[in-house]
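Structural overview for review
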Amino acid sequence: MVSICFRWWTPDVLSAETIEFQSIGDSRGELVALESGGNVPFAIRRVYYMTGLSPDIPRGFHAHRKLEQIAVCVAGSCRFILDDGRARKQAWLRNPRHGLYIGNMIWREMHDFSRDCVLMVLASELYDEADYIRDYDTFRSLAAAGMSG
Ligand code: T46
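For clarity, every value in this text was computed on a predicted model and none was experimentally measured.

**Some points on the site of the ligand**
All residues adjacent to the ligand are Arg-46, Tyr-48, Arg-59, Gly-60, Gln-69, Ala-71, Arg-108, Val-121 and Tyr-127. Those elements that provide at least two residues to the shell around the ligand are strand E5 (46-50), strand E6 (59-64) and strand E7 (69-75). Residues belonging to the shell around the ligand are distributed by class as follows: four nonpolar, two polar and three charged.

Here is the structure:
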């Protein structure tokens, strides 16, 4: 399966880019396949998804020490804010063929969920609360020192 990666912002924000997944479409509809080590650049150890989201209730507000993830809005839309400690950018997810790759040590916030948003996330590790950095000042200090904790 061919995947096309492209950056849509300057490389001052590291470890975050969109991956455009190939869609296999025919008269019955669209099909997108995600494969560990194929069009997903890590071994997938966990998948989770969010539903029942509200436009005025943001989520996230943390970074991960080691975790890599790909977020896909399989329905609806939402806006991500990504921050590497030096620069802050935003990305809208509104296409189920677009995955937002988020490397480690990237602060993320999710805003402006559409009512029909289904946000699916592929993760490189099992859930581990110790991998989270939930305090922004701590994140900034670690990022400035080139550390993950
Ligand atoms: C991320 C963004 C995009 C679990 O028990 N297992 C899990 O796999 C996950 C993801 C969460 N949880 C628990 C931890 C909390 O008690 O579910 C609760 C809600 O998690 P959290 O407040 O971290 O959810 P978000 O939407 O702020 O963040 C989530 C992911 O946690 C995070 O890794 O990058 O989505």
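**Some thoughts on the nonpolar core**
Counting residues in hydrophobic clusters, the biggest one holds 27 residues, and the most contacted among them are Ala-71, Cys-78, Phe-80, Leu-93, Leu-100 and Ile-106. Those elements that place two or more of their residues in this core are E7, strand E8 (78-83), strand E9 (88-93), strand E10 (98-102), strand E11 (107-111), strand E12 (118-123) and helix H1 (136-144). The leading source of residues in this core is E7, at four residues. Excluding residues that lie within four positions of it along the chain, Leu-100 makes contacts with Thr-18, Ile-70, Ala-71, Phe-80, Ala-91 and Leu-93.

**Here we look at the pairing of E10**
The side chains of a regular strand alternate between both faces of the sheet. With five bridges joining them, strand E2 (residues 16-20) and E10 adopt antiparallel strand pairing. Across the sheet, residue Thr-18 finds its bridge partner in E10, namely Leu-100. Bridging between E7 and E10 involves three bridges; their strand directions are antiparallel. Looking at E10, one finds that Ile-70 is bridged to Tyr-101.

**Details of the pairing of E9**
Of the strand pairs in this sheet, E8 and E9 are connected by six bridges, and their pairing is antiparallel. Across the sheet, Arg-79 pairs through a bridge with Trp-92, a residue of E9. Connecting the antiparallel pair E8 and E9 is a turn made up of four residues, with Gly-85 showing a positive phi of about 95 degrees.

**Concerning the sheet that holds E8**
Strand order in the open sheet formed by five strands is E9-E8-E11-E6-E13, with antiparallel pairing between adjacent strands. Every interior strand has two partners, whereas the edge strands, E9 and strand E13 (132-133), have only one.

**Digging into unusual backbone geometry**
Despite not being glycine, Phe-61 has its phi angle at roughly 65 degrees, a positive value. The residue Phe-61 is located in strand E6 in this model. Given 14 C-beta atoms within 10 Å, Phe-61 falls into the partly exposed group. Backbone geometry at Asp-112 places phi at a positive 55 degrees, although glycine is not the residue there. Mapped onto the fold, Asp-112 is located in the loop between E11 and E12.

**Digging into the environment of Arg-46**
Its location among the elements puts Arg-46 in strand E5. Given 14 C-beta atoms within 10 Å, Arg-46 falls into the partly exposed group. The sequence separation of Arg-46 and Leu-122 amounts to 76 residues, and the corresponding C-alpha distance is 6.1 Å. If we skip the residues at most four places from it in the chain, Arg-46 touches Ala-123, Glu-125, Leu-126 and Tyr-127.

Quick notes on the rules
Residues numbered from 1 in each chain as written. Predicted model: local features only at pLDDT ≥ 70, side-chain atom pairs only at ≥ 80, totals over all residues. Near = placed C-beta within 6 Å. Helix = DSSP H or I, 4+ residues; strand = E, 2+ residues; numbered from the N terminus. Nonpolar A, V, L, I, M, F, W, Y, C, P; charged D, E, K, R; others polar. Core = buried A, V, L, I, M, F, W, Y, C linked by C-beta atoms within 7 Å. Buried ≥ 20, exposed ≤ 12 C-beta atoms within 10 Å, placed from the backbone. Contact = placed C-beta atoms within 7 Å. Pairing = 2+ DSSP bridges.

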